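In case you want the letters, here they are:
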Amino acid sequence: MSAGISAITLGSRGSALAMRQTELVAELLRQKLRGVALHIKAVQTAGDRNQHQPISALGDKGVFVRSIEQALLAHEVDIAVHSLKDVPSDVETPGLTLAAFSPRADARDVLVSRSETDLEALPAGSRVGTSSLRRRVQLQAVRPDLEICEIRGNVDTRLRKLDDGRYEAIILAAAGMQRLGIADRITQFLPVELFVPDAGQGIIVLQTRQDDEAEVLAHAIDDPLSRAAALAERATVRALGADCHSPVGAFAEVKGSRLFVRAMAAREDGSQLVRLQDEGPLTAAEEIGRRLGLCLQSAL
């Protein structure tokens, strides 16, 4: 199933988590593509170069993917490997396509606290670090007495800042912790009812050039359930006119032949937060998401 290709290069961010995710993708591809050599190339992105400003202030919606897309278009890599939540939902990059969606890991957010104290038991005034407006507004809704602080850096950097005493707790993604083999650091899994995840959280997406041989290779590991969930979640965000830096979350679950989608949207200052749910047949994933996004838009 090599489509005449003897070697392909996977492009990814250079962080420990991104490299681990790319290795997981390579393992899946090796199982399907006998005789194809796989190489991995790290590409530095704007989001990696600027670790000081809040992500929402960096401007470009694709701060963690744009440089990798440019490498893909320049034929420096054949398949780009992204965390789906980093890929803007509103517009596809011309000439590129999202060719495959990995099986989904745990999509929940998690709390990691120095004292191993869960969210409910954190003392008032505790400093909690997050770089996400979505997490910030949902945290404010359940614990308005906490001090929510900006934090930047890769997972290991954020954990080091926590251990250094700059924060009493931080919020991260369960999938990243698990893929890095540090799930033992998790203090609490936060319920999706109160902390709706980012659209695409826990899914790795493979991006290729359109009508390229690599698109066929990448599709070999496409997970149809992840694809349905991803299409619904991204359609929700798109209908809202939001992007990956907006205080918006969407999470779809497949149960039999039906898709259940919950979503949240808020004003940036947290003054209004709306949570809604919708469901429908698995084959109508994008329509369910679009409908839910429009309902959220009208409710804000």
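Bear in mind that the values here come from a model prediction, so they are computed numbers and not experimental data.

**Describing the sheet that holds strand β6 (residues 127-129)**
Phase 1 of the analysis: One open sheet holds the five strands; their spatial order is β7-β6-β8-β5-β9, and the pairing between them is mixed. Pairing within the sheet leaves two strands with one partner each, and these edge strands are β7 (147-149) and β9 (188-189).
Phase 2 of the analysis: In the packing of helix α5 (residues 155-163) onto the sheet, contacts are made with β5 (109-113) and β8 (169-173), and the angle to β8 comes to roughly 165 degrees.

**Some remarks on the side chain of Gln 138**
Phase 1 of the analysis: Residue placement: Gln 138 occurs in helix α4 (residues 133-142).
Phase 2 of the analysis: Sequence-distant contacts of Gln 138, defined by excluding residues within four places in its chain, comprise Leu 194, Phe 195, Val 196, Met 264, Leu 273 and Arg 275.

**Points about the side chain of Arg 143**
Phase 1 of the analysis: Structurally, Arg 143 is set in the loop between α4 and β7.
Phase 2 of the analysis: For Arg 143, a relative accessible area of 11% translates into the label buried.
Phase 3 of the analysis: Side-chain polar atoms of Arg 143 contact the backbone oxygen of Glu 120, separated by 3.3 Å.
Phase 4 of the analysis: A polar contact of 2.8 Å, which involves the side chain of Arg 143, links it to the side chain of Asp 145.
Phase 5 of the analysis: For Arg 143, the residues in contact, after removing those within four places along its chain, are Leu 119, Glu 120, Ala 121, Leu 122, Pro 123 and Ala 124.

**Topic: empty space enclosed by the protein**
Phase 1 of the analysis: Under the criterion given, the structure shown has two cavities of 30 Å³ or more.
Phase 2 of the analysis: Taken as a whole, the second largest cavity spans an internal volume of roughly 60 Å³.
Phase 3 of the analysis: Forming the walls of the second largest cavity are Arg 66, Glu 69, Val 87, Pro 88, Val 91, Glu 92, Thr 93, Leu 98, Gln 207 and Arg 234.

**Section: the packing of aromatic side chains**
Phase 1 of the analysis: Scanning all chains against the criterion turns up zero aromatic pairs.
Phase 2 of the analysis: Positioned above the aromatic ring of Phe 260, the side-chain terminus of Lys 255 is 5.1 Å from the ring centre.

**What to know about helix α3 (residues 66-73)**
Phase 1 of the analysis: Along α3, the residues that are buried comprise Ser 67, Ile 68, Glu 69, Ala 71 and Leu 72.
Phase 2 of the analysis: Residue His 75 follows α3 closely and has a positive phi angle near 65 degrees.

**Side note on the environment of Ala 173**
Phase 1 of the analysis: With respect to the helices, strands and loops of the structure, Ala 173 is situated in strand β8.
Phase 2 of the analysis: Residue Ala 173 is classed as buried on the basis of its relative accessible area of 18%.
Phase 3 of the analysis: On a C-alpha basis, the gap between Ala 173 and Glu 253 in space is 17 Å, while along the polypeptide they are 80 residues apart.
Phase 4 of the analysis: For Ala 173, the contacting residues outside a window of four places in its chain are Arg 108, Asp 109, Val 110, Arg 135 and Gln 201.

**Looking at the pattern of salt bridges**
Phase 1 of the analysis: Summed over the entire model, instances satisfying the criterion amount to 22 salt bridges.
Phase 2 of the analysis: Its salt-bridge partner being Arg 20, residue Glu 23 comes within 3.6 Å of it at the nearest N-O pair. Of the two residues, Glu 23 and Arg 20 both sit in helix α1 (residues 16-32), three residues apart, roughly one turn of that helix.
Phase 3 of the analysis: The salt bridge partner of Arg 290 is Glu 287, with a shortest N-O separation of 3.2 Å. Remark: Glu 287 and Arg 290 occur in helix α9 (residues 285-299); sequence separation between them is three residues, near one turn of the helix.
Phase 4 of the analysis: Each member of the salt-bridge network shares a partner with another, and the members are Asp 109, Arg 134, Arg 135 and Asp 198.

**Some remarks on the sheet that holds strand β13 (residues 273-281)**
Phase 1 of the analysis: In space, the three strands of this open sheet follow the order β11-β12-β13, with antiparallel pairing throughout. Two strands lie at the open edges of the sheet, namely β11 (248-255) and β13, each paired on one side alone. Within this sheet the neighbouring strands show an average axis-to-axis angle of 15 degrees, counted without direction.
Phase 2 of the analysis: Sheet analysis places strand β12 (residues 258-266) next to β13, joined by nine bridges and oriented antiparallel. Its bridge partner being in β13, Leu 259 is matched across the sheet by Gly 280.
Phase 3 of the analysis: Against the sheet, helix α8 (residues 224-240) makes contact with β11 and β12, and its axis sits at roughly 150 degrees relative to β11, the strand it touches most.
Phase 4 of the analysis: Across the face of the sheet, α9 comes into contact with β12 and β13 while running at roughly 155 degrees to β13.

What counts and what doesn't
Residues numbered from 1 in each chain as written. Predicted model: local features only at pLDDT ≥ 70, side-chain atom pairs only at ≥ 80, totals over all residues. Heavy atoms only, no water. Pairing = 2+ DSSP bridges. Helix = DSSP H or I, 4+ residues; strand = E, 2+ residues; numbered from the N terminus. Contact = heavy atoms within 4.5 Å. Axes fitted to C-alpha atoms, helices over the stretch in contact; angles between N-to-C directions. Buried < 20%, exposed > 50% of the residue type's maximum accessible area, 1.4 Å probe, protein only. Polar contact = N/O pair within 3.5 Å; in protein donor to acceptor, adjacent residues only side chain to side chain. 1 Å grid on protein atoms, 1.4 Å probe; cavity = no way out; pocket = protein on both sides within 12 Å on 5 of 7 lines; lining within 4 Å. Points joined across faces, edges and corners; volume = space filled by probe spheres on them. Phe/Tyr/Trp six-rings, centres within 6.5 Å; stacked < 30°, edge-to-face > 60°. Lys NZ or Arg CZ within 6 Å of the ring centre and 35° of its normal. Salt bridge = Lys/Arg side-chain N within 4 Å of Asp/Glu carboxyl O.

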